[in-house]
Amino acid sequence: MPSITKIISMASLLIFFPPCCVIVTELEKHIPDLHVLITTPFHPAYVTAERIKRAKNLQLLLTAGIGSDHIDLKAAAAAGLTVAEVTGSNVVSVAEDELMRILILVRNFLPGYHQVINGEWNVAAIAYRAYDLEGKTVGTVGAGRIGKLLLQRLKPFNCNLLYHDRLQMDPELEKQTGAKFEEDLDSLLSKCDVVVINTPLTEKTRYDFQ
(Lines give C-alpha, C1' and ligand atoms only; values in the text may rest on other atoms or scores of the structure.)
Protein backbone atom coordinates (compact mmCIF):
# COMPACT_ATOMS: atom_id res chain seq x y z
CA MET A 1 0.00 0.00 0.00
CA PRO A 2 1.56 3.37 -1.01
CA SER A 3 1.99 6.09 1.61
CA ILE A 4 -0.72 8.71 2.15
CA THR A 5 1.56 11.40 0.71
CA LYS A 6 2.16 9.34 -2.41
CA ILE A 7 -1.54 8.59 -2.87
CA ILE A 8 -2.50 12.27 -2.62
CA SER A 9 0.30 13.37 -4.95
CA MET A 10 -0.65 10.88 -7.69
CA ALA A 11 -2.32 12.34 -10.75
CA SER A 12 -6.01 12.07 -11.61
CA LEU A 13 -7.31 12.01 -8.07
CA LEU A 14 -10.83 13.15 -7.41
CA ILE A 15 -11.11 14.48 -3.87
CA PHE A 16 -14.67 14.83 -2.67
CA PHE A 17 -14.86 17.19 0.31
CA PRO A 18 -18.53 18.02 0.77
CA PRO A 19 -19.93 20.78 2.94
CA CYS A 20 -22.56 19.72 5.45
CA CYS A 21 -25.38 20.96 3.22
CA VAL A 22 -24.57 18.52 0.42
CA ILE A 23 -27.17 15.75 0.46
CA VAL A 24 -26.19 12.10 0.55
CA THR A 25 -27.44 11.50 -2.99
CA GLU A 26 -24.68 13.80 -4.26
CA LEU A 27 -22.09 11.59 -2.59
CA GLU A 28 -23.72 8.48 -4.02
CA LYS A 29 -23.37 9.92 -7.51
CA HIS A 30 -19.61 10.37 -7.12
CA ILE A 31 -18.73 7.16 -5.25
CA PRO A 32 -17.74 5.07 -8.32
CA ASP A 33 -15.22 7.74 -9.42
CA LEU A 34 -13.58 8.51 -6.09
CA HIS A 35 -9.91 7.87 -5.43
CA VAL A 36 -9.83 9.81 -2.16
CA LEU A 37 -12.81 10.49 0.11
CA ILE A 38 -12.39 13.19 2.74
CA THR A 39 -15.17 13.45 5.29
CA THR A 40 -15.84 14.99 8.64
CA PRO A 41 -17.13 12.46 11.16
CA PHE A 42 -20.55 11.25 9.96
CA HIS A 43 -20.83 13.96 7.28
CA PRO A 44 -22.09 13.58 4.69
CA ALA A 45 -22.83 9.91 5.46
CA TYR A 46 -21.58 6.69 7.00
CA VAL A 47 -18.93 5.02 4.85
CA THR A 48 -20.58 1.63 4.84
CA ALA A 49 -19.38 -1.69 3.44
CA GLU A 50 -21.85 -1.26 0.57
CA ARG A 51 -20.45 2.16 -0.35
CA ILE A 52 -16.88 0.86 -0.12
CA LYS A 53 -17.80 -2.02 -2.43
CA ARG A 54 -19.13 0.44 -5.03
CA ALA A 55 -16.02 2.63 -4.83
CA LYS A 56 -13.85 0.54 -7.16
CA ASN A 57 -11.18 3.27 -7.51
CA LEU A 58 -11.00 4.28 -3.85
CA GLN A 59 -7.56 4.24 -2.21
CA LEU A 60 -7.74 6.60 0.77
CA LEU A 61 -10.42 7.39 3.36
CA LEU A 62 -9.44 10.54 5.24
CA THR A 63 -11.31 11.93 8.23
CA ALA A 64 -11.00 15.69 8.74
CA GLY A 65 -10.97 15.30 12.51
CA ILE A 66 -10.57 12.50 15.00
CA GLY A 67 -12.62 9.32 15.14
CA SER A 68 -13.33 7.08 12.16
CA ASP A 69 -16.16 5.06 13.66
CA HIS A 70 -18.36 6.31 10.81
CA ILE A 71 -16.26 4.09 8.52
CA ASP A 72 -16.71 0.32 8.31
CA LEU A 73 -13.09 -0.39 9.20
CA LYS A 74 -13.32 -4.12 8.55
CA ALA A 75 -14.68 -3.51 5.05
CA ALA A 76 -12.00 -0.88 4.42
CA ALA A 77 -9.25 -3.27 5.54
CA ALA A 78 -10.64 -6.07 3.39
CA ALA A 79 -10.60 -3.71 0.39
CA GLY A 80 -6.98 -2.72 1.09
CA LEU A 81 -7.85 0.93 1.76
CA THR A 82 -5.83 3.35 3.83
CA VAL A 83 -7.88 4.98 6.60
CA ALA A 84 -6.34 8.07 8.19
CA GLU A 85 -7.35 10.96 10.42
CA VAL A 86 -6.26 14.59 10.57
CA THR A 87 -6.24 14.64 14.36
CA GLY A 88 -6.39 18.03 16.02
CA SER A 89 -7.93 19.80 13.05
CA ASN A 90 -11.25 20.51 14.77
CA VAL A 91 -10.53 20.27 18.49
CA VAL A 92 -11.25 23.94 19.23
CA SER A 93 -14.55 23.77 17.36
CA VAL A 94 -15.65 20.66 19.26
CA ALA A 95 -14.64 22.05 22.67
CA GLU A 96 -16.53 25.28 22.01
CA ASP A 97 -19.54 23.32 20.76
CA GLU A 98 -19.53 21.24 23.94
CA LEU A 99 -19.45 24.37 26.09
CA MET A 100 -22.34 25.82 24.09
CA ARG A 101 -24.43 22.68 24.55
CA ILE A 102 -23.77 22.62 28.29
CA LEU A 103 -25.02 26.20 28.60
CA ILE A 104 -28.05 25.53 26.39
CA LEU A 105 -29.10 22.56 28.52
CA VAL A 106 -28.30 23.99 31.96
CA ARG A 107 -29.93 27.35 31.21
CA ASN A 108 -33.03 25.63 29.74
CA PHE A 109 -32.58 27.63 26.56
CA LEU A 110 -34.50 25.48 24.06
CA PRO A 111 -37.88 25.56 25.82
CA GLY A 112 -37.49 29.34 26.13
CA TYR A 113 -36.68 29.62 22.45
CA HIS A 114 -39.72 27.56 21.51
CA GLN A 115 -41.89 29.75 23.72
CA VAL A 116 -40.74 32.88 21.93
CA ILE A 117 -41.23 31.56 18.38
CA ASN A 118 -44.70 30.35 19.41
CA GLY A 119 -45.63 33.83 20.66
CA GLU A 120 -45.68 32.80 24.32
CA TRP A 121 -44.03 34.42 27.33
CA ASN A 122 -43.86 32.40 30.54
CA VAL A 123 -40.57 33.26 32.18
CA ALA A 124 -41.42 31.41 35.39
CA ALA A 125 -41.89 28.13 33.54
CA ILE A 126 -38.45 28.45 31.97
CA ALA A 127 -36.68 29.67 35.11
CA TYR A 128 -38.06 26.70 37.04
CA ARG A 129 -35.64 24.37 35.21
CA ALA A 130 -32.83 26.86 34.50
CA TYR A 131 -29.68 26.77 36.61
CA ASP A 132 -26.41 28.64 37.00
CA LEU A 133 -23.37 26.78 35.76
CA GLU A 134 -21.34 28.31 38.59
CA GLY A 135 -20.88 25.85 41.42
CA LYS A 136 -21.95 22.85 39.36
CA THR A 137 -19.70 19.83 39.07
CA VAL A 138 -18.75 19.09 35.48
CA GLY A 139 -16.79 15.99 34.50
CA THR A 140 -15.21 14.88 31.28
CA VAL A 141 -14.68 11.22 30.49
CA GLY A 142 -11.51 11.50 28.46
CA ALA A 143 -9.06 14.38 28.84
CA GLY A 144 -7.21 14.39 25.55
CA ARG A 145 -6.98 17.37 23.22
CA ILE A 146 -10.70 18.18 23.35
CA GLY A 147 -11.23 17.32 27.00
CA LYS A 148 -8.39 19.59 28.11
CA LEU A 149 -9.66 22.49 25.99
CA LEU A 150 -13.15 22.07 27.44
CA LEU A 151 -11.80 22.12 31.00
CA GLN A 152 -9.83 25.30 30.22
CA ARG A 153 -12.98 26.97 28.88
CA LEU A 154 -15.07 25.91 31.87
CA LYS A 155 -12.64 27.23 34.49
CA PRO A 156 -13.87 30.89 34.31
CA PHE A 157 -17.41 29.68 35.14
CA ASN A 158 -16.20 28.65 38.61
CA CYS A 159 -17.33 25.04 38.23
CA ASN A 160 -16.00 22.06 40.13
CA LEU A 161 -14.10 20.24 37.39
CA LEU A 162 -13.35 16.52 37.32
CA TYR A 163 -11.86 14.24 34.69
CA HIS A 164 -11.43 10.51 34.14
CA ASP A 165 -8.78 9.17 31.80
CA ARG A 166 -6.35 6.30 31.44
CA LEU A 167 -3.53 8.70 32.34
CA GLN A 168 -3.44 11.51 34.84
CA MET A 169 -2.49 14.97 33.60
CA ASP A 170 0.78 16.63 34.39
CA PRO A 171 0.40 18.40 37.79
CA GLU A 172 1.04 21.79 36.19
CA LEU A 173 -1.76 21.24 33.67
CA GLU A 174 -4.08 20.07 36.44
CA LYS A 175 -3.32 23.29 38.29
CA GLN A 176 -3.89 25.33 35.13
CA THR A 177 -7.31 23.79 34.43
CA GLY A 178 -8.33 23.42 38.05
CA ALA A 179 -9.53 19.89 37.31
CA LYS A 180 -9.22 16.94 39.67
CA PHE A 181 -8.44 13.42 38.51
CA GLU A 182 -10.97 10.65 39.20
CA GLU A 183 -9.41 7.24 38.66
CA ASP A 184 -12.75 5.45 39.10
CA LEU A 185 -15.38 6.19 36.44
CA ASP A 186 -18.33 5.33 38.68
CA SER A 187 -17.02 7.71 41.31
CA LEU A 188 -16.85 10.55 38.78
CA LEU A 189 -20.36 9.88 37.50
CA SER A 190 -21.83 9.91 40.99
CA LYS A 191 -20.40 13.37 41.71
CA CYS A 192 -21.28 15.21 38.49
CA ASP A 193 -24.17 17.47 37.52
CA VAL A 194 -22.91 17.44 33.92
CA VAL A 195 -20.90 14.70 32.18
CA VAL A 196 -19.24 15.10 28.78
CA ILE A 197 -17.94 12.09 26.85
CA ASN A 198 -14.67 12.86 25.11
CA THR A 199 -13.51 9.40 24.07
CA PRO A 200 -13.50 7.80 20.61
CA LEU A 201 -15.95 4.97 19.99
CA THR A 202 -13.87 1.78 19.88
CA GLU A 203 -14.42 -1.81 20.88
CA LYS A 204 -12.79 -0.96 24.22
CA THR A 205 -15.10 2.01 24.98
CA ARG A 206 -18.33 0.83 23.32
CA TYR A 207 -19.83 -0.71 26.46
CA ASP A 208 -18.32 1.50 29.17
CA PHE A 209 -21.66 3.10 30.06
CA GLN A 210 -23.90 0.07 29.91
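Residues numbered from 1 in each chain as written. Predicted model: local features only at pLDDT ≥ 70, side-chain atom pairs only at ≥ 80, totals over all residues. Heavy atoms only, no water.

Enquirer: Before we move on, can you summarise the sheet that holds strand S7 (residues 179-181) with the specific residues and values?
Expert: Through backbone hydrogen bonds, the strands of a sheet pair up, either in parallel or in antiparallel fashion. What the four strands build is an open sheet, ordered S7-S6-S5-S8; its pairing is parallel. Each edge of the sheet is formed by a strand with only one pairing partner; in this case those strands are S7 and strand S8 (194-197). Going across the sheet, the axis of each strand differs from the next one's by a mean of 25°, ignoring polarity. Pairing analysis gives three bridges linking strand S6 (residues 160-164) to S7, with the strands arranged parallel. (Pairing = 2+ DSSP bridges. Helix = DSSP H or I, 4+ residues; strand = E, 2+ residues; numbered from the N terminus. Axes fitted to C-alpha atoms, helices over the stretch in contact; angles between N-to-C directions.)

Enquirer: Describe unusual backbone geometry, with residues and values.
Expert: Residue asparagine 108 is not a glycine yet carries a positive backbone phi of 55°. Turning to its location among the elements, asparagine 108 is positioned in the loop between helix H5 (91-106) and helix H6 (109-117). With a phi close to 60°, asparagine 158 is a non-glycine residue in the positive phi region. In this structure, asparagine 158 sits in the loop between helix H8 (145-154) and S6.

Enquirer: Tell me about empty space enclosed by the protein, and name the residues and values.
Expert: One pass over the structure, following the stated rule, counts one cavity of 30 Å³ or more. The volume enclosed by the largest cavity comes to roughly 70 Å³. Around the largest cavity sit Leu27, Ile31, Leu34, Leu37, Thr39, Ala45, Tyr46, Val47, Arg51, Ile52, Ala55 and Leu58, which together line it. Only strand S2 (36-39) and helix H3 (49-54) provide two or more residues apiece to the lining of the largest cavity. Residue composition of the lining of the largest cavity, grouped by class: 10 nonpolar, one polar and one charged. (1 Å grid on protein atoms, 1.4 Å probe; cavity = no way out; pocket = protein on both sides within 12 Å on 5 of 7 lines; lining within 4 Å. Points joined across faces, edges and corners; volume = space filled by probe spheres on them. Nonpolar A, V, L, I, M, F, W, Y, C, P; charged D, E, K, R; others polar.)

Enquirer: Just give me the short version of the confidence of the model for the chain, but keep the residues and values in it.
Expert: Overall, the prediction assigns the chain a mean pLDDT of 86, with 87% of residues at 70 or greater. With pLDDT under 50 throughout, residues 4-22 is counted as low confidence; its partners more than four residues away or in other chains account for 38 contacts. (pLDDT = per-residue confidence, 0-100. Contact = heavy atoms within 4.5 Å.)

Enquirer: Residues and numbers for the packing of H5 against H8, please.
Expert: One way to put it is that H5 packs onto H8 with a least axis distance of 9 Å and a crossing angle of 50°. Classified by the interaxial angle, the pair formed by H5 and H8 is oblique. The way H5 lies across H8 gives a crossing that is right-handed. Contacts between H5 and H8 involve Val91, Val92, Val94, Ala95, Glu96, Glu98, Leu99 and Ile102 from the first element and Arg145, Ile146, Leu149, Leu150, Arg153 and Leu154 from the second. (Parallel < 35°, antiparallel > 145°, perpendicular 65-115°, else oblique. Left-handed = near helix turned anticlockwise from the far one by under 90°.)

Enquirer: Would you mind going over the nonpolar core in detail, with residue names and values included?
Expert: Core analysis: the biggest nonpolar cluster contains 17 residues, and Ile102, Leu133, Val138, Leu154 and Leu161 have the highest contact counts within it. Within the residue set of this core, elements represented by two or more residues are H5, H8, S6 and S8. Not counting residues up to four positions away in its chain, the partners in contact with leucine 154 are Leu99, Ile102, Leu133, Val138, Cys159 and Leu161. Listed in part, the 14 residues of the second largest apolar core include Ile31, Ile52, Ala55 and Leu61. (Core = buried A, V, L, I, M, F, W, Y, C linked by side-chain atoms within 4.5 Å. Buried < 20%, exposed > 50% of the residue type's maximum accessible area, 1.4 Å probe, protein only.)

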